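Notes for the structure review
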Amino acid sequence: MLAFIGFRVLMMIPNVIILTFLLFACVTTFLGTPAAIMLGEEASPEAVAELNARLGFDGPLLTRYLRWMENAFSGDFGRSYATQESVGSMIVHALPLTLELALWAIVIAFIFAPLMNSFPVLRRTVQSLNSVISLVGITIPNFFLGLLLIYVLSVELRLLPTTGWAPWSDGVLAHLEHMVMPVLTLTNFYFSTFTLIYVSEYRAVQSSLFVQVARSKGLSETRISFRHILPNSILPLITYAGLSLGQLVGGAVVVETVFSMPGMGRLLVSAIAARDFPVMLAVGLVIIVGVMVMNLLADLAYGLVNPTVRTVA
Amino acid sequence: MRTLSFSRILGLVLLAIIAAVVAFAPLIAPYDPVAASVDVLAPPSADHLFGTDSLGRDVLSRIIYGTRVSLQVGAASAIVAVLVGTPIGLAAGYFRGRVDLVLVQIIDLFVALPGLVLALIITAMLGATVANLAITLGVVTAPTVARLVRGQVFVVREMLFVEAARATGASSAWIIRHHILPNVTRVILGQLAIKVSYAIFTSASLSYLGLGVPPPAPDWGGMVRDGASFLPILPLLSLGPGAAVALTVFTFHLVGSTKK
C-alpha cells in the first residue's frame, strides 16, 4: 500500500509541472505582457519594458516561470494588478468557501443517491423515477437551475435570501440560509450522475449469487439491500467522484457567479475579465493542484476498499 | 424496454422540432432579433409573448434565433473534437507501447482538468468569436473522444481480418485507414450527439460568465446573464433562454444516449 501511495504521489509532480508551465506560458504569451495591458495601447515601448522589468516580467519564458514557481512555493503570489491586494490573502479568503460548497455537494450526493435508491419498498418505482429525473438533472445547466431556485424559493415563496453569502461568524443559521440554494444547485449534477450509475450497478449486483444466497437464508429484503447490495454497488461512485472533479470545479465557478459568492470561481471570472495575471495564475495553480490531489485521494480511497488495484504499474 | 423506445422517440421528436426552428427561424420569429425598440422591458403580452429585453428587443425572437447560434457552436465544436481526438485515439490504440503510454498520460491529464475553466482561459486568450468558441470547446472535448476511440481500437486491432491484413504485409497506415477506422466510425458517430450536447451546455455557461458569442448576436447564455437582474419583475427574460439551453442539451443527450 505504501509503495502504491508513493508511486501515485511521485506521478503527480511531473503532471503539476507540465500543467502549470502550460498555464503560465499560455496566459503570459497570449494576453500580452502585464505592463502593456496596464499602460494601454498608447504607451511607449520603453515605458512598457521598464514596467515589465519592475513587475518581474522580463527575461525568457522559462526564467519567468521558474521565478513565479519559486515565489509561489514560498506562498508569494504577488499583488493583484486590479486591487493591489496580496493574491495570497485573496486566495486564503476565497478558498474555504469553495471547498465548503464542494464538500457539501459531494457529501450530500454520496449519502442520498445510494440511500434513496436502496429502499426495497417501492424500489422499482423510485429507481425508475429517479433515473428519469436524473436524465434531466445531468443536462440542466447550473446557471439555469440556480436562477430557477432563486425565482421559486426567494422571489415567489420568499423563503431564502436571493444571493450573497454570510460567513460562519454571522451566525450558523444565516450562513446555512445562504448556502442552501448554491449547494442544491451544485449537488444536482453529482446526485443525478450518482443515481444513474448506482441504479445500473445495483441492478447488476442484484442478480449475483451472494444476493441469492442471502435471500435463501431468509434475510429480510431491507437487510439484503443495505448490507449486501449497497456496499457492493458503491464502488463505481468513488471512481466517478474522482474522475469528475473537474466538472465540480466548473460547476462551482458558475454557481458562485449566479449567487454572487466570494469564492475561487468568482475570483477567476473577475480576474479574467480584468486581465489580472497574478490572480489568474494563482487560481489556476490552486485548481490544478487541487484537482490532482483530489484525484489522488479518490485513487487511494479506491485502493483502500478494493485491494486488487494496489499495484504500482 | 418500453421506456427506452419512448425516450428514443421523444429525443427524435424534440430534435425534429429544433431542426425546424433552426431552418425556419425567419418565418417563426415575430420580430428581428437584433432590432431595438422603445418598448423597453415590456411584460409578456399578445404582441411580445415573452416580453422585451432592456433594449426593447423581442425575447421570443431572440430565443428562436439563438437556436442557430447555439447549434452552430455545438455542431462545429463536436466536429473539431472528433477531428482532433480520433487520430490521437487511433495512434494510441494501434501502436500501443510507448506511444500509448505517453498519449494516455496526456489524455488523462486533460480529462481530469475542469473543461469549463480550461475553456474560460482559452477563450479569454483567443477572444470570443463563434469560430474561437468552436475550436476551444472542440479541443477541450477532444481527449474524451481520443479515450473512447483508443478503447475501440484495442478491440478491433485484435480481430482476425486485421491480423490477416498484417500478414499480407499491409502497412500500418493502410490498415488503420481501411480496417480500423471504418470499424470505429460507428462509435464515434454515436458520440457526436453527446458532444454536441456538452458543447452547447459549456458554451452557454461561458456566455453566462461573460465570455460567449459577442453581442448583439442572440446568444442564450448571454441573454440569461443580461436578464438575471430583472428576475423578480420579468422572469422570462432569463428563464426563457435558460429553458431553451436546458431543452436543447437534454434533446441531444437523449438522442446520443438512446442510440443503438
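Provided above is the structure to which this section pertains.
This report concerns the structure included in the present document.

Observations regarding the layout of surface pockets
- Here the largest pocket is characterised by a volume of approximately 1300 Å³.
- Looking at the largest pocket, it is lined by 42 residues, and the ones nearest its centre are Phe189(A), Tyr240(A), Gln247(A), Thr144(B) and Tyr198(B).
- Element by element, the count of residues in the lining of the largest pocket is highest for helix α8 (residues 172-208) of chain B, at eight residues.

Regarding helix α3 (residues 59-95) of chain B
Residue and element names in this part refer to chain B.
- A rise of 1.5 Å per residue sets the reference length of α3, with its 37 residues, at 54 Å; its end C-alpha atoms lie 53 Å apart and thus fit the reference within 8%.
- The principal kink in α3, of about 25°, is found at Tyr-65.
- Looking one or two places after α3, you find Arg-96, whose phi comes out positive at around 45°.

Side note on the environment of Phe57(A)
All names here are of chain A.
- With respect to the secondary-structure elements, Phe-57 resides in the loop between α3 (45-54) and α4 (61-73).
- According to the relative accessible area criterion, Phe-57 is buried, its value standing at 12%.
- For the pair Phe-57 and Trp-68, spaced eleven residues apart in sequence, the C-alpha separation works out to 9.7 Å.

A look at the interface of chain A and chain B
- The partner chain B presents 34 residues to the 40 residues of chain A that form the contact.
- Summed over both partners, the interface of chain A with chain B comes to about 3300 Å²; 84% of that surface belongs to carbon and sulfur atoms.
- Across the chain A-chain B interface, the total number found is zero salt bridges.
- Remark: the boundary between chain A and chain B carries one residue pair in polar contact (both at pLDDT 80 or more).

A closer look at the packing of aromatic side chains
- Applying the stated criterion across every chain, the model contains eleven aromatic pairs over all chains.
- Considering the side-chain rings of Phe21(A) and Tyr65(A), the 5.0 Å spacing of their centres and the 90° angle between planes classify their relative orientation as edge-to-face. With Phe21(A) in helix α1 (residues 2-30) and Tyr65(A) in helix α4, this residue pair connects regions lying 44 residues apart in the sequence.
- Residue classification places Tyr65(A) among the buried positions, given a relative accessible area of 5%.
- Its guanidinium or amino end placed over the ring of Tyr94(B), Arg157(B) lies 5.2 Å from that ring's centre, counting from NZ or CZ.

Looking at the pattern of salt bridges
All names here are of chain B.
- Enumeration over the complete set of coordinates arrives at eight salt bridges over all chains.
- Between Asp-100 and Arg-150 there is a salt bridge, with the nearest N and O atoms lying 2.7 Å from each other. Of this pair, Asp-100 sits in helix α4 (residues 97-112) while Arg-150 sits in helix α6 (residues 130-156), placing them 50 residues apart in sequence.
- According to the relative accessible area criterion, Asp-100 is buried, its value standing at 9%.
- For Asp-108, the salt bridge goes to Arg-147, with nearest N and O atoms at 3.3 Å. Highlighted residues: Asp-108 in helix α4 and Arg-147 in helix α6, separated in sequence by 39 residues.

Looking at unusual backbone geometry
- The phi torsion at Gln84(A) lies on the positive side, around 65°, for a residue other than glycine.
- Relative to the elements of secondary structure, Gln84(A) occurs in the loop between α4 and α5 (87-116).
- The exposure class of Gln84(A) is partly exposed, given its relative accessible area of 47%.
- Of note in the backbone geometry, Arg96(B) takes a positive phi value of approximately 45° without being a glycine.
- With respect to the element layout, Arg96(B) can be found in the loop between α3 and α4.

Cut-offs used in this document
- Residues numbered from 1 in each chain as written.
- Chains lettered and ligands numbered in written order.
- Predicted model: local features only at pLDDT ≥ 70, side-chain atom pairs only at ≥ 80, totals over all residues.
- Heavy atoms only, no water.
- 1 Å grid on protein atoms, 1.4 Å probe; cavity = no way out; pocket = protein on both sides within 12 Å on 5 of 7 lines; lining within 4 Å.
- Points joined across faces, edges and corners; volume = space filled by probe spheres on them.
- Helix = DSSP H or I, 4+ residues; strand = E, 2+ residues; numbered from the N terminus.
- Expected span 1.5 Å × (residues − 1).
- Bend = angle between axes of the 7 residues up to and from the residue.
- Buried < 20%, exposed > 50% of the residue type's maximum accessible area, 1.4 Å probe, protein only.
- Contact = heavy atoms within 4.5 Å.
- Buried area = accessible area lost by both parts, 1.4 Å probe.
- Salt bridge = Lys/Arg side-chain N within 4 Å of Asp/Glu carboxyl O.
- Polar contact = N/O pair within 3.5 Å; in protein donor to acceptor, adjacent residues only side chain to side chain.
- Phe/Tyr/Trp six-rings, centres within 6.5 Å; stacked < 30°, edge-to-face > 60°.
- Lys NZ or Arg CZ within 6 Å of the ring centre and 35° of its normal.

Any functional reading would require information beyond the geometric quantities listed.
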